[in-house]
Amino acid sequence: MELNIYKYINKLIKLDTKNMYENDFLLTWEKTKDELLAVFTVADALRHLRENNVSARIFDSGLAVSLFRDNSTRTRFSFASAANFLGLTVQDLDEEKSQIAHGETVRETANMISFMADVIGIRDDMYIGKGNAYMRQVAQAVEQGKSDGVLEQRPALVNLQCDIDHPTQSMADMLHIIHHFGGVQNLKGKKIAMSWAYSPSYGKPLSVPQGVIGLMTRFGMDVCLAHPKGYEVMSETLSVAGQNAQKSGGNFTVTSDMQEAFASADIVYPKSWAPYEAMEKRTKLYEDNDEKGIKALEKELLEHNAKYKEWTCTEELMKTTKGGEALYMHCLPADITGVSCKEGEVEASVFDRYRELLYKEAGFKPYIIAAMIFLAKTQNPDTVLHKLAGDRKMPRTL
């Protein structure tokens, strides 16, 4: 494969990325359109380097600290892969083995882990009103640490999923869509159905559907959010999606009919999530250490979910999409009927038909995270890309 990094550099030069330097990536709707396009462009450029066996190490030392307050496979390994690809060593912060368990403050923890750290990735998605707020506390603490001369450099924060948004997932999803439809210029008017789907488990975060409607509406798409009554998402994210659609010339609608959402859709994204009100209630129960209340809420939500088992992605439903060939998407792992559960989000035949594309969708995430770090830590990203591919070109493997 011929190295042609310059097509990406030429795109990047036209985009305003100056405010991304030494800044964080917490919510996609806090970023400008140029900044989002820059992440996609750099992600593609970095992938191109790796495919051509060219090193993308912009660091020769330094830490990438990861803090996962929820289980993770794809995002955990994507963050580690991205950081290592750029030359950083990954260090997990295990709160149970740290002084956090002894009452260490957020400010103190943030500074103590940041002495030689260039990036901090945080996943905190379990509790409404907590995750994104915690990330901003950490950001404020390291900003103050740099200002006070405690830290030699300010580590950039990357949101690896919070209670509001899952930017690394939605950005990877969007880059997958961009590649599938042959460019961002082809997305205007494309219909995506972000639909709730039945799951035999409860408590799945709202950040995936909120991230999807918050990002896809930036590109003039026809975004339809579908869910049974009672499974509403945060009202603030609905407002964001509506405003984005209006500005981009797209469309944003909400329906309680899965068939309506799938009708003539170009893309479908059936994914379970917990009701916003239930997640609020769960947050309070955990704060109060109310184990009895938590078990009662779980039982209540599972019974409620079971009322909507017909909300599943079937072969028949897929036939109603655009040409019967809509792009099926999922953040994984999916609840697959007859495979991972008795009844779930998607029929096994549908999932199997799209398995290769689903894995490719997931494969964009390491490059999206690497691009977020790259743009936060390089003042002139186009120049750095030029050096990586030009006079400083080094093989990734000998």
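Side note on the overall build of the protein chain
Right, on to step 1. Helix and strand counts for the protein chain come out as 16 helices and 11 strands.
Right, on to step 2. Across its three principal directions, the C-alpha atoms of the protein chain cover 60 × 55 × 40 Å.
Right, on to step 3. The proportion of buried residues among the 398 residues of the protein chain is 56%.
Right, on to step 4. By sequence separation, contacts in the protein chain at least 24 residues apart represent 82% of the contacts at least 6 residues apart.
Right, on to step 5. Working note: accessible area of the protein chain is about 17700 Å², and carbon and sulfur atoms make up 48% of it.
Right, on to step 6. Considering the protein chain, the positive charge centre built from 47 side chains and the negative charge centre built from 54 side chains are found 3 Å apart.

Here's the deal with the packing of aromatic side chains
Right, on to step 1. Counted according to the given criterion, the structure contains eight aromatic pairs.
Right, on to step 2. Between Tyr-127 and Tyr-286, the aromatic rings sit 5.3 Å apart at their centres with planes inclined by 55°, giving tilted as the arrangement. Here Tyr-127 is found in the loop between strand E3 (117-124) and helix H5 (131-147), whereas its partner Tyr-286 is found in helix H10 (residues 276-287), with 159 residues between them in sequence.
Right, on to step 3. Assessed through its relative accessible area of 34%, Tyr-286 is described here as partly exposed.
Right, on to step 4. Plain terms: the ring middles of Tyr-231 and Tyr-308 are 5.9 Å apart, the flat faces sit at 90° to each other, and that makes the pair edge-to-face. With a gap of 77 residues between them, Tyr-231 in the loop between strand E6 (222-226) and helix H8 (235-248) and Tyr-308 in the loop between helix H11 (291-305) and helix H12 (315-318) connect regions that are remote in the sequence.
Right, on to step 5. Overall, Tyr-231 belongs to the buried group, its relative accessible area being 0%.
Right, on to step 6. An aromatic cluster is defined as three or more aromatic residues linked by ring pairs; in this entry it consists of Trp-196, Tyr-231, Tyr-308 and Trp-311.
Right, on to step 7. The ring of Phe-68 carries Arg-76 above its face, with NZ or CZ at 4.4 Å from the centroid.

Remarks on the environment of Ala-334
Right, on to step 1. For Ala-334, the location among the structural elements is in the loop between strand E9 (327-328) and strand E10 (336-337).
Right, on to step 2. Measuring from C-alpha to C-alpha, the distance between Ala-334 and Thr-109 comes to 35 Å, with 225 residues separating the pair along the chain.
Right, on to step 3. Ignoring any residue separated from it by four or fewer positions in sequence, one finds Ala-334 in contact with Tyr-328, Ser-340, Glu-345, Val-346 and Phe-351.

Describing helix H6 (residues 167-180)
Right, on to step 1. In a regular helix each residue adds 1.5 Å, so 14 residues correspond to 20 Å; H6 covers 20 Å between its end C-alpha atoms and thus fits that length.
Right, on to step 2. Taken across its 14 residues, H6 has 12 buried, putting it largely inside the fold.
Right, on to step 3. The positive-phi residue at the C-terminal boundary of H6 is Gly-182, with phi of around 80°.

Some remarks on the pairing of strand E8 (residues 267-270)
Right, on to step 1. Burial along E8 is two-sided: the residues Ile-267 and Tyr-269 and Val-268 and Pro-270 are all buried.
Right, on to step 2. Relative to E8, strand E5 (residues 191-195) runs parallel, the two sharing four bridges. Across the sheet, residue Ser-195 finds its bridge partner in E8, namely Pro-270.
Right, on to step 3. Both E8 and E9 contribute to a ladder of two bridges, which runs parallel. Each bridged residue has a counterpart across the sheet, and for Ile-267 the counterpart in E9 is Leu-327.

Focus: the sheet that holds strand E4 (residues 156-162)
Right, on to step 1. With parallel pairing, four strands are arranged side by side in an open sheet as E2-E1-E3-E4. A single partner strand is all that each edge strand has here, and the edge strands are strand E2 (89-92) and E4. Pairs of neighbouring strands in the sheet enclose a mean axial angle of 20°, with direction left out of account.
Right, on to step 2. Most of the contacts of helix H3 (residues 74-85) go to strand E1 (residues 63-68), to which it runs at about 175°, and overall it touches E1, E2, E3 and E4.

Thresholds applied
- Residues numbered from 1 in each chain as written.
- Predicted model: local features only at pLDDT ≥ 70, side-chain atom pairs only at ≥ 80, totals over all residues.
- Heavy atoms only, no water.
- Helix = DSSP H or I, 4+ residues; strand = E, 2+ residues; numbered from the N terminus.
- Buried < 20%, exposed > 50% of the residue type's maximum accessible area, 1.4 Å probe, protein only.
- Contact = heavy atoms within 4.5 Å.
- Areas by Shrake-Rupley, 256 points an atom, 1.4 Å probe, with all protein chains shown as cover.
- Lys, Arg positive; Asp, Glu negative; His and termini not counted.
- Charge placed at Lys NZ, Arg CZ, Asp CG, Glu CD.
- Phe/Tyr/Trp six-rings, centres within 6.5 Å; stacked < 30°, edge-to-face > 60°.
- Lys NZ or Arg CZ within 6 Å of the ring centre and 35° of its normal.
- Expected span 1.5 Å × (residues − 1).
- Pairing = 2+ DSSP bridges.
- Axes fitted to C-alpha atoms, helices over the stretch in contact; angles between N-to-C directions.

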